[in-house]
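Observations on the model geometry
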Amino acid sequence: MSSVNKEKVNLYCLFSSEDFKPFFIGISENSGNLELIQILSEVFEGSKKNPHLKIRKFLTLGYEIYAHDLQTGLDRKTAKEEVKFWQSELTKPSNHSLLGDDFQDSMQKKFSQI
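So, here is what we can say about the structure in this document. (Residues numbered from 1 in each chain as written. Predicted model: local features only at pLDDT ≥ 70, side-chain atom pairs only at ≥ 80, totals over all residues. Heavy atoms only, no water.)

Considering unusual backbone geometry
Filter applied, for reference: By the criteria applied, helices consist of DSSP H or I runs no shorter than four residues and strands consist of E runs no shorter than two, each listed in order from the N terminus. For every residue, the accessible area (1.4 Å probe, protein chains only) is compared with the maximum for its type, and the residue is labelled buried under 20%, exposed over 50%, or partly exposed between those bounds.
A cis amide bond links Asn-50 with the next residue in sequence, Pro-51, at an omega value of 5 degrees. Relative to the helices and strands, Pro-51 resides in the loop between α2 (32-44) and α3 (52-60). With phi around 60 degrees, Phe-20 is a residue other than glycine that occupies positive phi space. Checked against the element boundaries, Phe-20 lands in the loop between β1 (8-16) and β2 (22-28). Residue Phe-20 is classed as buried on the basis of its relative accessible area, which comes to 5%.

Some remarks on the nonpolar core
Put simply, the test is: Each nonpolar core is a collection of buried residues, namely Ala, Val, Leu, Ile, Met, Phe, Trp, Tyr and Cys, held together in the definition by side-chain atoms within 4.5 Å. By definition, residues are in contact when any of their heavy atoms lie within 4.5 Å.
Among the nonpolar cores identified, the biggest contains 16 residues, and Leu-11, Phe-15, Ile-25 and Leu-70 are the most heavily contacted of them. Going through the elements one at a time, β1, β3 (65-75), α4 (76-90) and α5 (101-112) are the ones with two or more residues in this core. A per-element tally of this core places β1 first, with four residues. For Leu-70, the contacting residues outside a window of four places in its chain are Leu-11, Tyr-12, Cys-13, Ile-25, Trp-86, Leu-99 and Phe-103.

Brief notes about α3
Here is the rule: For this quantity, the arc is that covered by the directions from the helix axis to the C-beta atoms.
Buried within α3 are the following residues: His-52, Ile-55 and Phe-58. All buried residues of α3 fall inside an arc of 120 degrees around its axis, so they share one side. Pointing more than 90 degrees away from the buried face of α3 are the exposed residues Lys-57 and Thr-60. Packing partners of the buried residues in α3 comprise β1, β2, α2 and β3. Looking one or two residues beyond α3, the residue adopting positive phi is Gly-62, at roughly 90 degrees.

Focus on the sheet that holds β2
So the rule is basically this: Whether two strands pair depends on DSSP finding at least two bridges between them. Structural elements are reduced to axes, namely lines fitted to C-alpha atoms, with helices fitted over the stretch in contact, and the angle between N-to-C directions of any two is expressed from 0 to 180 degrees.
Strand order in the open sheet made by the three strands is β2-β1-β3, with antiparallel pairing throughout. The sheet is open, and its two edges are formed by β2 and β3, each paired on a single side. When strand polarity is set aside, the average angle formed by the axes of neighbouring strands in this sheet is 20 degrees. In this structure, β1 lies alongside β2, joined through six bridges in antiparallel fashion. Its bridge partner being in β2, Cys-13 is matched across the sheet by Ile-25. α2 contacts β1, β2 and β3 of the sheet and is inclined by roughly 125 degrees relative to β3.

Section: the packing of α2 against α3
For any two helices packed against each other, one specifies the crossing angle of their axes together with the interaxial distance. What counts is decided by this rule: Comment on the angle field: the value is read as roughly parallel under 35 degrees, roughly antiparallel over 145, roughly perpendicular from 65 to 115, and oblique elsewhere. In this classification, Asp, Glu, Lys and Arg are treated as charged, Ala, Val, Leu, Ile, Met, Phe, Trp, Tyr, Cys and Pro as nonpolar, and every other residue, Gly included, as polar.
Their axes nearest at 10 Å, the elements α2 and α3 cross at an angle of 80 degrees. Of the possible angle classes, the one that applies to α2 and α3 is roughly perpendicular. Counted together, Ile-39, Leu-40, Glu-42, Val-43 and Phe-44 of α2 and His-52, Ile-55, Arg-56 and Leu-59 of α3 form the full contact between these two elements. For the contact of α2 with α3, the per-class residue count stands at six nonpolar, one polar and two charged.

Considerations on the pattern of salt bridges
Operational definition: Whenever a carboxyl oxygen of Asp or Glu lies within 4 Å of a side-chain nitrogen of Lys or Arg, that contact is scored as a salt bridge.
Inspection of the entire model under this criterion finds three salt bridges. Between Arg-76 and Glu-7 there is a salt bridge; the shortest N-O distance is 3.0 Å. In this pair, Arg-76 is assigned in helix α4 and Glu-7 in the loop between α1 (3-6) and β1, connecting sequence segments 69 residues apart. In this structure, Arg-76 engages Glu-29 in a salt bridge whose closest nitrogen and oxygen atoms are separated by 2.9 Å. A residue pair is termed long-range when its members are at least 10 positions apart, and Arg-76 in helix α4 and Glu-29 in the loop between β2 and α2 qualify at 47 residues. For Arg-76, a relative accessible area of 30% translates into the label partly exposed.

Right under this line is the structure:
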């Protein structure tokens, strides 16, 4: 087994200060914050891929973008399985989702203190 298969990755979500509802779930070797820095750089360079256009819209409307690590230290295979779970949470009504009302309230409290 190669060392690439053994490397650990993280699952993160992105959300804006509009409603603190996650709009993107990603996998990265970096933390969500470091990944957000890279994504913002690509947004400012004009990238039109996902989630860049959505981020550009939020920024244009005056909202801030935040990242939060959902799970860390996963192998890639597990991360690919888990990202499907978290993406399904995005489509559930807020009161039935792990990324719903309670999550949004806690993120708003966390990032409003910055």
